[in-house]
Amino acid sequence: MEKQIIITDKSKVSVVNNKKKRCQVKMACVNCQKACKKCANVRPCSRCIQRGIADTCFDIERKPRRVGVKRGPYKKRRNWKLEILAIIEKKAFASQVTSLQFINEKILIEGTGPYLMFFDIENNINFKSFNIFQHSRVHGIRIVNNENCKLIAAYGSKSLKIFEFDILTIEDQYDVVLTEKASIEVKDWILDAKFLYENKQSNVPTDIALALAHNFVIVYNIDLTEKKYEVHSEINCIIYSAKFYGNTLDTLKMASGTVFNVVILWNVLNKSNKSAIIQEFKGHEGVIFAIDFTDDGKKLCSVSDDRTLRVWTVNDRKSVVLYGHTSRIWDCILTDRYAITVSEDTTCRVWDYHNETCSACWEGHYGKDIWCVAISPNKDIVATGGGDSGVRLWDLKDLEYNRIESSNALKEVSLPEQEMYIDPSIKDTLPKKEFIRNFAQVDDRKTVFITNTGYFLVHDLNKNETSVLYQDMSFCNYSMMNISDCKRIIGSGDLSGNVLLLSPDNLFKPIKWKAHEGKVFDVYFEKSDDPNIIYFFSYNVNNEMLWSEINITDGSNPIVNQKKKIKLSVNTVMCLTYSEKFNVLLMGCRHGSVIVYKINNDDPNETIEPIYRYTHAHGKDAITCITIDRNLSTDDSLVFHSTGRDGNYNQFRLTGNALSNNEIKEQELIKIEEIGKSKITKGWLEKVIIVNNTKLLLGFFQKRFFVYNDDKKYEVMSISCGGAHRKWYFSTESENINKAVFSFYRKEKLYAYLRNIQVQKLFKEEKLQDNLHGKEIRTIKFIDNSIIESDHIKEDMGLLVTGAEDSLLKFLKYDPDKSSIQIHSKSSIRKHTSVIKNLGFSSGINNLLFTSGACEELNVWKLEIKEDTSEMCDSNLYINCVNYVSAPHVSPVTSETRIMDMDIANLSILKLREYANDIGIHLIITGYSDSLTRLWVFDEKSNKFEIIACGKLSNRCILRTKFHFITLNDNTKKLIAFVAATDGQVYLCDCTNIVKKYLDGELSKSKELVSFSKITLHQSGINGLDVHTDINNKQRLIIATGGDDNACSVAFVDISKDNQNKLSVINYKKFTQEFAHSSALTDVKIFNDNYILTISEDQRLNIWSITINEKIEIKLIESKYIDIPDVSCMDIVQISNTKWKVALSGIGIQILYITLN
């Protein structure tokens, strides 16, 4: 074949085939037409001659033209894009944060999906969002912000756009005007962009340089209309990262992170005959994911697949290697003092690379992956963006105040000389070596401690002066010590059962009495609603606890009265708390149990016994603190928090007869429900305190004491103290811990850290954007308005519930009335041990939420959503979700069976029995990965799950299950279950008789679930299944499915019953739309009777219209690109006659409005 060589002015050579145009054949012969082969105009044709069938080679017969029928005028081909049948509006969005950049100290830009989001960090507001890309994610943002020029360059994939922007201030609120200046699509993946200036004095860029993934650089003018320069590196390979340094083309350098684990620094504009490579940095054992320079360009850092950070000095072969991350490191920033890295392990670490130490490890994201990090122009604020959609702000100045490393910050309390306070007459009877045995911290300046000589001493930390408070020889060998919340009374117990009360200010004479026989294990104080009443508890080795009431109305003469005797059911009490409102006493023990006592009268001689024991609240580890939350408690429920040495922070709700004022019998049960659980640390959690309605968690990990803000999810302070201690104390005046004291006892010495600083926060909240799920979201549902108790119900309340791979159940909210696309997290619950795959609602006696997923877990939750106008609530809705009942496991213990899908039917709504009220009875169908399908019944009255049917309809994994209720022509009601498997078949099962027998009490054991029909719709697995009743024929069911074969199938089945009341399919038709998507379909929904919604792994949402007469027709009317990858499920709800809201989930969430014309 002849070839033509074309030489262009770029000296690039391309080869073009000079093909002859193929001849058109007027009519093929019958043989070639049947074989779909090329024919000729002559007969016999050459192909028939070659095959020896020339005698049968003749023209095909054409249909005769109809006589008398005028041809034309012909209709023009319809341009379906001009006929808008459906409008799809993007309403809300949340996905991985892939880029961050500060405009100034007050405004941050976030790149997530195709959006640029502008944040006012002073007020924690997202004030503007822009959708800038059609099919790309924002991977990088570069900014020029000066008086003469304000530009933003955003790039992702192969796309680059440059915008002019202007920040406006309107009534103390920011606004931004964004105008697109230029855009371009390049031939390779963009890894970095850099604005270039004409010279060093200029502040208006003239060009922009792009680093591309095959290690070459393209320079365009600022309007992107002219390619001014293109250069390839001498190292011809793919690179995973790149970073420019320099502001002019003459000084421009690029560091390339290659797949060969090497960082190459080279001159972009090489005017010499020498190599452009300045230096190669070798040492990493994995590919390079990110690079950054210091401002002067003398140092650069790189992070890698090998989990290390390396800081390099230009023209020096040595590097600083820093280890700490447990997974791959994705991004980094290098300043003159610190290196900052973010990793797949969801931590952000700050490194003092000069001293080769990790200065901070910030944890504020969930799941996995923090993708990006940015630093403010003044190097004060660090922003991190994670795979959980969250954006967190961190103050670098906090490293100076909140992470205490040096022992110089601690004050050591030393004993004074014995001659200063010991009575010479008893000196010879006292131990020669004196040390501190126990202590109580009164405030930030005063400490009371007891020595092994029996002296109670008061030490002024500011003046470093010590005075004698009291002396008692019985406390020489042993002393337990505690102080009341009001700091007015100190309590102590000795080996002989004596109890001592002291005033740290010496306002009253010491009170001592014989309370027990034998050693006093511990003493506790609890405050009362009356400020002049203090409750005092002490217990001994005989499991006997005394409860005393101290009246301090007369501060110089306290009155102590015995209130109750308490019989302990455990050997070691770790903590206790008392609710005067409900007269309930709660204790936590060493073995992880919560013990409940009820006080029914005021008889001081009565010995009260426990009425309830909640075991394994923290596994087998000790409960270290129980704190009642009065803000969350109601008139019929008591909410309390607990911490434990398993590192968990739990929330519980206590309900039942114990909260009434009536006398409680021992056999009457109460209920404690776990409503929240969080794993905070791998170490010990020792206490939870509530300061200004903010929950602070105190604990120890490794050799540090830490304070963790649970509401804002960050570590407020940590102190190097050597590890957990038997006796320690912490108090603070505010949640910011500007004024606080931490003291601890170690090796017979007392240390104190006094904190009194005034630090002004540079931003309002550490959490700039809510964390959603850290892993792929597997299921999503809108919350129906009927569940919400509110006087202000709107057509779209914007409430969602989701379940994901991270085992979190989350309640989310978006605001449909605002321009912001943000989705906010309102509540998170961790109960499942693995992925949550399915969600379903049902209302009976209570509003219920059913969840299921891996490890064969099936749970039901009691859901309460109501209007909340209290000052404590930052939203107008209060969401309360309590774990109600968990279904028993029915597979072998070693099995890893998963519940692949489920559906719920409310039997009180279906009314299968006209003669009975089935309220509170819910039917659940579950499909399992071991090919079994089960029917469960949950009865709210008995609070039990029960299996009523089980069947193996297929030998393959069950993927989808669906209930559908049908009324036949004779008004017979039938409940049909549809089950789809990986064999591409849909099985139809009649559940009516089984359910009726159960409700009538005629079902003695589980029945076998069998199908009355099956239909084949796909070649492989069915991922989406929906069923709808034909509006023109109530016995006809429309089935829509989507499968792994990229096809969408629609079928209708006509259902009938015979004389034996058995169902059968009397008519069946199907149509399969092959290649409905370019990849596997993941979900299918029928809406508005004759429309189908399909989603696929190809990131497209398609709307199809269906027409069913004697045959089925499917027509695509709209296709929309979805901004979230790996979309796996959806939910659709009608909000008006022509409008629907759609929730899509995968690696993120997107909310759409669909309007049909």
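Residues numbered from 1 in each chain as written. Predicted model: local features only at pLDDT ≥ 70, side-chain atom pairs only at ≥ 80, totals over all residues. Heavy atoms only, no water.

A. A look at the overall build of the protein. When helices and strands are tallied, the protein shows five helices and 91 strands. Taking the principal axes of the C-alpha coordinates as reference, the protein spans close to 140 × 95 × 55 Å. With 1157 residues in all, the protein has 56% of them scored as buried. For the protein, contacts bridging at least 24 residues in sequence account for 50% of all contacts bridging at least 6. With the model as given, the accessible surface of the protein reaches about 53,200 Å², and the carbon-plus-sulfur share is 44%. For the protein, the distance from the average site of its 150 positive side-chain charges to the average site of its 146 negative ones is 8 Å. (Helix = DSSP H or I, 4+ residues; strand = E, 2+ residues; numbered from the N terminus. Buried < 20%, exposed > 50% of the residue type's maximum accessible area, 1.4 Å probe, protein only. Contact = heavy atoms within 4.5 Å. Areas by Shrake-Rupley, 256 points an atom, 1.4 Å probe, with all protein chains shown as cover. Lys, Arg positive; Asp, Glu negative; His and termini not counted. Charge placed at Lys NZ, Arg CZ, Asp CG, Glu CD.)

B. Region of interest: the sheet that holds strand E23 (residues 319-323). Strand order in the open sheet made by the four strands is E20-E21-E22-E23, with antiparallel pairing throughout. Both edges of this open sheet fall to strand E20 (288-293) and E23, since each of them pairs with a single strand only. Between one strand axis and the next, the sheet turns by 20 degrees as a mean value, whatever way the strands run. As paired strands, strand E21 (residues 299-304) and strand E22 (residues 308-313) are joined by five bridges and run antiparallel to one another. Paired with Leu-300 across the bridge in E22 is Trp-312. (Pairing = 2+ DSSP bridges. Axes fitted to C-alpha atoms, helices over the stretch in contact; angles between N-to-C directions.)

C. Expanded view of the domain arrangement of the protein. The domain boundaries assigned to the protein delineate domain 1 (24-61), domain 2 (99-185), domain 3 (411-552) and domain 4 (868-1156). Spacing between the C-alpha centres of domain 3 and domain 4 amounts to 68 Å. (Domains from an automatic or database assignment.)

D. Examining the side chain of Thr-851 more closely. Within the secondary structure, Thr-851 sits in strand E69 (residues 847-853). Residue classification places Thr-851 among the buried residues on the basis of a relative accessible area of 0%. A polar side-chain atom of Thr-851 sits 2.8 Å from a polar atom in the side chain of His-832. (Polar contact = N/O pair within 3.5 Å; in protein donor to acceptor, adjacent residues only side chain to side chain.)

E. Examining the pattern of salt bridges more closely. Counted by the stated rule, this structure contains 40 salt bridges. Asp-444 is paired through a salt bridge with Lys-739; the nearest N and O atoms lie 3.8 Å apart. Of this pair, Asp-444 sits in the loop between strand E33 (436-441) and strand E34 (446-451) while Lys-739 sits in strand E60 (residues 739-746); the two residues are 295 residues apart in sequence, bridging distant segments of the chain. Ionic pairing is found between Arg-445 and Asp-460, a salt bridge with its closest N-O pair at 4.0 Å. With a gap of 15 residues between them, Arg-445 in the loop between E33 and E34 and Asp-460 in strand E35 (residues 455-460) connect regions that are remote in the sequence. Residues joined by salt bridges that share partners form a network here, namely Glu-164, Lys-181 and Asp-223. (Salt bridge = Lys/Arg side-chain N within 4 Å of Asp/Glu carboxyl O.)

F. Local environment of the sheet that holds strand E72 (residues 899-906). As summarised here, the arrangement of the five strands in space is E72-E73-E74-E75-E79, forming an open sheet in which the pairing is mixed. Edge positions in the sheet fall to E72 and strand E79 (1007-1008), since each of these pairs with one other strand and no more. As defined by bridge partners, strand E73 (residues 921-928) adjoins strand E74 (residues 933-939) across seven bridges and the pair is classed as antiparallel. Residue Ile-921 lies in a different strand from E74, and its bridge partner there is Asp-939. Running at roughly 145 degrees to strand E75 (residues 944-951), helix H5 (residues 992-999) makes contact with E73, E74, E75 and E79 of the sheet.

G. Just the UniProt feature "repeat: WD" (unreviewed entry) in the protein, in detail. Here the UniProt-annotated "repeat: WD" (unreviewed entry) positions come out as residues 281-322 and 370-404. Its end C-alpha atoms 16 Å apart, residues 281-322 is made of 0% helix and 57% strand. (UniProt positions renumbered as here; feature names shortened; annotations may be inferred.)

H. Spatial organisation of the packing of aromatic side chains. Going through the model one piece at a time under the given rule, you end up with 34 aromatic pairs. Plain terms: the ring middles of Phe-700 and Trp-728 are 5.7 Å apart, the flat faces sit at 80 degrees to each other, and that makes the pair edge-to-face. Separated by 28 residues along the polypeptide, Phe-700 in strand E56 (residues 694-701) and Trp-728 in strand E59 (residues 728-732) bring together distant segments of the chain. This pair shows no difference in class: Phe-700 is buried, exactly as Trp-728 is. Pairing Phe-1087 with Trp-1140 gives two aromatic rings, centres 5.3 Å apart and planes at 70 degrees, and the pair type is edge-to-face. Residue Phe-1087 is located in strand E85 (residues 1081-1087), and its partner Trp-1140 is located in strand E90 (residues 1139-1146); the two are separated by 53 residues in the primary sequence. Among the residues examined, Phe-1087 registers a relative accessible area of 4% and is labelled buried. Exposure remark for Trp-1140: the relative accessible area of 4% places this residue in the buried category. One aromatic cluster is present, formed by Phe-700, Phe-705, Trp-728, Phe-730, Phe-742, Phe-744 and Tyr-751 through successive ring pairs. Over the aromatic face of Trp-547 sits the side chain of Lys-563, whose NZ or CZ is 5.4 Å from the ring centroid. (Phe/Tyr/Trp six-rings, centres within 6.5 Å; stacked < 30°, edge-to-face > 60°. Lys NZ or Arg CZ within 6 Å of the ring centre and 35° of its normal.)

I. Quick peek at the environment of Val-448. Residue position: Val-448 is located in strand E34. Assessed through its relative accessible area of 0%, Val-448 is described here as buried. The spacing of Val-448 and Thr-313 is 135 residues in sequence and 54 Å in space, taken between C-alpha atoms. Sequence-distant contacts of Val-448, defined by excluding residues within four places in its chain, comprise Phe-439, Ala-440, Val-442, Leu-457, Val-458, Leu-469, Met-481, Ile-490 and Pro-504.

J. Seen up close, the confidence of the model for the protein. When the pLDDT values of the protein are averaged, the result is 88; 95% of them are 70 or greater. The model gives residues 1-18 a pLDDT under 50, and that stretch makes 17 contacts with residues more than four places away or in other chains. Low pLDDT (under 50) marks residues 78-82, which in the prediction has two contacts with non-local residues, meaning those over four places away or in another chain. (pLDDT = per-residue confidence, 0-100.)

K. Spatial organisation of the nonpolar core. Counting residues in each nonpolar core, the largest one holds 38 residues, and the members touching the most others are Leu-108, Leu-1093, Leu-1101, Ile-1103 and Leu-1144. Excluding residues within four positions of it along the chain, Leu-1144 makes contact with Ile-780, Ile-1095, Leu-1101, Ile-1122, Ile-1124, Val-1127, Cys-1129, Met-1130, Ile-1149, Gln-1150 and Leu-1152. (Core = buried A, V, L, I, M, F, W, Y, C linked by side-chain atoms within 4.5 Å.)

L. A look at the pairing of strand E45 (residues 573-579). Among the seven residues of E45, seven are classified as buried, and the element is accordingly described as predominantly covered. Sheet analysis places E45 next to strand E46 (residues 584-589), joined by six bridges and oriented antiparallel. Pairing of Tyr-578 across the sheet is with Leu-585, part of E46. If you look at the hairpin formed by E45 and E46, you'll find four residues sitting between the two strands, and Asn-583 has a positive phi there, around 55 degrees.

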